[in-house]
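So you can see what is in the structure, the chains are spelled out below.
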Amino acid sequence: MTIEFWYLIGAALVFWMQAGFAMCETGFTRAKNAGNIIMKNLMDFCIGTVVFSLLGYTLMMGEDTLFGLIGMPNLDLFSSFRAFIASPGDGGFTGASTFVFNLVFCATTATIVSGSMAERTKFSSYCLYSAIISLIVYPIEAHWIWGGGWLSRLGFHDYAGSCAIHMVGGIAALVGATILGPRIGKYVRDKDGRVVKVNAIPGHNIPIAALGVFILWLGWYGFNGAAATTPTELASIFLTTTIAPSVATCATMIFTWVRNGKPDVSMCLNGSLAGLVAVTAGCDAYDAVGSAVVGLVAGLLVVVFVETLDLKLHIDDPVGAVGVHMANGVWGTLAVGLLSNPDAPAGLRGLFYTGDFRQLGLQALAVLSVGAFAAVTMIGAFQLIKHTIGLRASAEDEMEGLDRSEHGLPSAYADFAPAVNRYNNFASAPVAAVHGAIPPVVAVTGTTPPAEAVPVQRVPSFETDGHRFTKVEIVCKEDRLYSLKDAMNQLGITGMTVSHVMGYGMQKGKPEYYRGVAVETELLPKVQVDIVVSAIPVRDVIETAKRVLYTGHIGDGKIFVYDVENIVKVRTGEEGFAALQDVE
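Cut-offs and rules
- Residues numbered from 1 in each chain as written.
- Predicted model: local features only at pLDDT ≥ 70, side-chain atom pairs only at ≥ 80, totals over all residues.
- Heavy atoms only, no water.
- Helix = DSSP H or I, 4+ residues; strand = E, 2+ residues; numbered from the N terminus.
- Buried < 20%, exposed > 50% of the residue type's maximum accessible area, 1.4 Å probe, protein only.
- Contact = heavy atoms within 4.5 Å.
- Areas by Shrake-Rupley, 256 points an atom, 1.4 Å probe, with all protein chains shown as cover.
- Core = buried A, V, L, I, M, F, W, Y, C linked by side-chain atoms within 4.5 Å.
- Expected span 1.5 Å × (residues − 1).
- Salt bridge = Lys/Arg side-chain N within 4 Å of Asp/Glu carboxyl O.
- Polar contact = N/O pair within 3.5 Å; in protein donor to acceptor, adjacent residues only side chain to side chain.
- Axes fitted to C-alpha atoms, helices over the stretch in contact; angles between N-to-C directions.
- Parallel < 35°, antiparallel > 145°, perpendicular 65-115°, else oblique.
- Left-handed = near helix turned anticlockwise from the far one by under 90°.
- Nonpolar A, V, L, I, M, F, W, Y, C, P; charged D, E, K, R; others polar.
- Phe/Tyr/Trp six-rings, centres within 6.5 Å; stacked < 30°, edge-to-face > 60°.
- Lys NZ or Arg CZ within 6 Å of the ring centre and 35° of its normal.
- Pairing = 2+ DSSP bridges.
- pLDDT = per-residue confidence, 0-100.
- Patch = residues over 30% accessible without salt bridge, like charges linked within 9 Å, V, L, I, M, F, W, Y side chains within 5 Å.
- Disulfide = S-S within 2.5 Å.

(A) Fine view of the overall build of the protein. From N to C terminus, the protein includes 20 helices and 11 strands. When each of the 584 residues of the protein is scored for burial, the buried share is 52%. When contacts within the protein are restricted to residue pairs at least 6 apart in sequence, long-range pairs at least 24 apart make up 77% of them. Accessible area for the protein stands at about 25,000 Å²; split by element, carbon and sulfur atoms hold 64% of it.

This is the structure in structure tokens:
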């Protein structure tokens, strides 16, 4: 009872990984497709549950037939429910527990494909190929490995799914992304069709992607550990499941730091997942050293594979699903034959520990056979969909965003507006005087001269009716708005117009990289403050703004000074100097 209770808790943790996949994929893609991605990750589990219940489960776990190729289909779940839920299942657990456990694993295989085909796949087509994976592809190959099929009889070892789940999902992701083609604007081609330039398309929310990775890492303790039957085995699995992704992430960080000059955040998140994928097959078969080696290779392999796929093969995979799951699913499966320690709970004989090649040969056989089956079935499935209902969304829908075109959702962030945080570390500092004597409100940490950090641009001035009207336009970082407003209030300016804008600027000779691709344009949120003055000296406004905004870094802000011909107050009809009297 206690063991079965943990088995079901582990299944719940694996289900929770759906949230991790949803957050990770959403963060790595653009905001205009966020709702579509959430919908896909919801529906692949729900559709998978329906088709796995109808046929997939018995193809996987039914009585072995056809020389260990498939299980015998039946409807015991519906026709003999009492007997089904109490019947012996996998590992001595009840039939109901075994069903739920294998269902959540099946859903994981289907959701892997979503990431590589994100932002340009028709939702109806996604639902169809997700159903095919859960109905036929995963159940058949999983029967070979876990349902008493031919690979399990030979002694092949895949404890939690590097091969059965991740490699298969990764192969499907590669096939799908190849047949579907890249996102619009990802690759620039010449007149002969050759790719001459690769563009980076950064994800819109790295914090959400990071949250997804943390959720996945937590769920992976259930993914790898749920089938453990003793406390010692469970503790050993938790140990290897912690060491491998940690080492992989460190390896990815160092590798991208050395290559690009800075550690790549998104790639390090992929590195964590790569280590988890790679350790899954042998999580019960490694010692601490073995799991560290698995993680080290995984952390390097994911970077090389993601960049090769993008920069050399020109296959567009927005989230790195192929590099994470396929490449490291293969590596993790083969690593069991190399790094298994006979003293670990599984008791397998790895080549590097015993000199025995047998386990490595079995692992390679499984990679080839399962990989070929997955590739052939998914090529057929995707080509069938492509030539019937169509696989790819129209160019217009893709450019507009699938949230609107597929779901009638204007934006997944309909009520979102960039928040302006109030930072005023000197709110309690005394005000020495009104005009120009404002104490500094921010620490200067850079070395860029003020003239470069906050440049001022002017146009020729003139006067109207003896009064000179000047518009001062200030573009600055969002977090400086309230400090600027307070400083202007102290000058006697009580009226201003504030707009949210997007700004772009990059220093020459200092390229930034996103997943190994140079980033050319990065639009960042700014605020634009418009002030019109007459009685208050323009120089005081400029110097006060510069003092408040200046930190010594490029991008502190810009100030534009314009002449204004006239001002009209709509409410009272006042014009000129009189119209300004209640705002300065």
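(B) How the structure looks around the nonpolar core. In terms of nonpolar packing, the biggest core is built from 113 residues, with F105, Y129, Y138, I145, W146 and F382 touching the most fellow members. The greatest single-element share of this core, amounting to 12 residues, is contributed by helix α8 (residues 162-180). With 22 residues, the next largest nonpolar core counts I474, V527, A545 and V548 among its residues.

(C) Representation of helix α20 (residues 538-549) within the structure. Over its 12 residues, α20 extends 17 Å from the first C-alpha to the last, a length consistent with the 16 Å expected when each residue adds 1.5 Å. Counting buried positions along α20 gives nine out of 12 residues, so the element sits mostly inside the fold. Residues V538, D540, V541, I542, T544, A545, K546, V548 and L549 constitute the buried set of α20.

(D) Structural view of the pattern of salt bridges. The final tally for this structure, using the stated rule, is 16 salt bridges. Between E119 and R183 there is a salt bridge, with the nearest N and O atoms lying 2.6 Å from each other. A residue pair is termed long-range when its members are at least 10 positions apart, and E119 in the loop between α5 (95-116) and α6 (123-146) and R183 in the loop between α8 and β3 (187-189) qualify at 64 residues. No difference in accessibility class separates E119 from R183, as the two residues are buried. Among the salt bridges present, the one from K477 reaches D556, with a minimum N-O distance of 3.7 Å. Note that K477 is positioned in strand β6 (residues 469-477) and D556 in the loop between α20 and β11 (557-564), a separation of 79 residues in sequence. Linked by salt bridges that have partners in common, R30, E119, R183 and D316 make up one network.

(E) Spatial organisation of the environment of T256. Here T256 is to be found in helix α10 (residues 231-260). Dropping the residues within four chain positions of it, T256 is found in contact with G261, K262, P263, D264, M267 and V303. There is a polar contact of 2.9 Å between the side chain of T256 and the backbone oxygen of T252. A polar contact is formed between the side chain of T256 and the backbone oxygen of M253, at a distance of 3.2 Å.

(F) Structural view of the packing of helix α1 (residues 2-28) against α5. Running from amino to carboxyl end, α1 crosses α5 at an angle of 15°, the nearest separation of the two axes being 9 Å. Comparing their axes, α5 and α1 come out roughly parallel. Where α1 crosses over α5, the handedness of that crossing is left-handed. Where α1 approaches α5, its residues E4, Y7, L8, A11, V14, F15, Q18, F21 and E25 are matched on the opposing element by S97, T98, V100, F101, V104, F105, A107, T108, T111, I112, S114 and G115. Of the residues belonging to the contact of α1 with α5, the class tally is 12 nonpolar, seven polar and two charged.

(G) Main features of the side chain of T544. Here T544 is to be found in helix α20. At a separation of 2.7 Å, a polar atom in the side chain of T544 contacts the main-chain carbonyl oxygen of D540.

(H) Expanded view of the packing of α5 against α6. Relative orientation of the contacting elements α5 and α6 amounts to 125°, with a least axis distance of 9 Å. Here α6 runs oblique to α5, going by the angle between their axes. Here the hand of the crossing between α5 and α6 comes out right-handed. Together, N102, F105, C106, T109, A110, T111, V113 and S114 of α5 and Y126, Y129, S130, I133, S134, Y138 and W146 of α6 make up the contact between the two elements. The residue inventory of the contact of α5 with α6, partitioned by class, reads nine nonpolar, six polar and no charged.

(I) Summary view of the packing of aromatic side chains. Within the structure shown, the criterion is met by 16 aromatic pairs. Where Y129 meets F382, the ring centres are 4.9 Å apart and the plane angle is 65°; that geometry is what we call edge-to-face. With Y129 in helix α6 and F382 in helix α15 (residues 358-386), this pair connects stretches of sequence that are 253 residues apart. Each residue in the set Y7, F101, F105, W146, W220 and F223 is aromatic and connected to the rest through ring pairs, giving one cluster. Positioned above the aromatic ring of Y126, the side-chain terminus of K40 is 5.1 Å from the ring centre. Seen from the ring of Y562, K471 lies directly overhead, with NZ or CZ sitting 5.7 Å from the centre.

(J) The pairing of strand β4 (residues 195-198), seen in detail. As judged from the three bridges shared by β3 and β4, these two strands associate in the antiparallel manner. Paired with V188 across the strands is K197, a residue of β4.

(K) Just the side chain of K186, in detail. Secondary-structure assignment places K186 in the loop between α8 and β3. A distance of 2.8 Å separates the side chain of K186 from the backbone oxygen of N199, its partner in a polar contact. In this view, K186 contacts K197, V198, N199, A200, I201, D310 and D316; residues no more than four positions away in its chain are not counted.

(L) Geometry of the confidence of the model for the protein. Per-residue confidence for the protein gives a mean pLDDT of 88; residues scoring 70 or more make up 88%. Of the regions scoring below 50 in pLDDT, residues 417-441 engages in 41 contacts with residues more than four places distant in sequence or in other chains.

(M) Geometry of a nonpolar patch on the surface. Together, V289, V293, L296, V297, L300, F352 and Y353 give the surface a local cluster of nonpolar side chains, amounting to about 590 Å² of exposed area. Of all the elements in the fold, those that place two or more residues in the nonpolar patch are α12 (288-312) and α14 (351-354). The leading source of residues in the nonpolar patch is α12, at five residues. Checked against the element boundaries, V293 lands in helix α12.

(N) The arrangement of the state of the cysteines in detail. What the rule picks out here adds up to zero disulfides. In this structure C250 is not part of a disulfide, and its nearest cysteine sulfur, from C268, lies 8.7 Å away. Looking at C250, the relative accessible area reads 44%, which means it is partly exposed.

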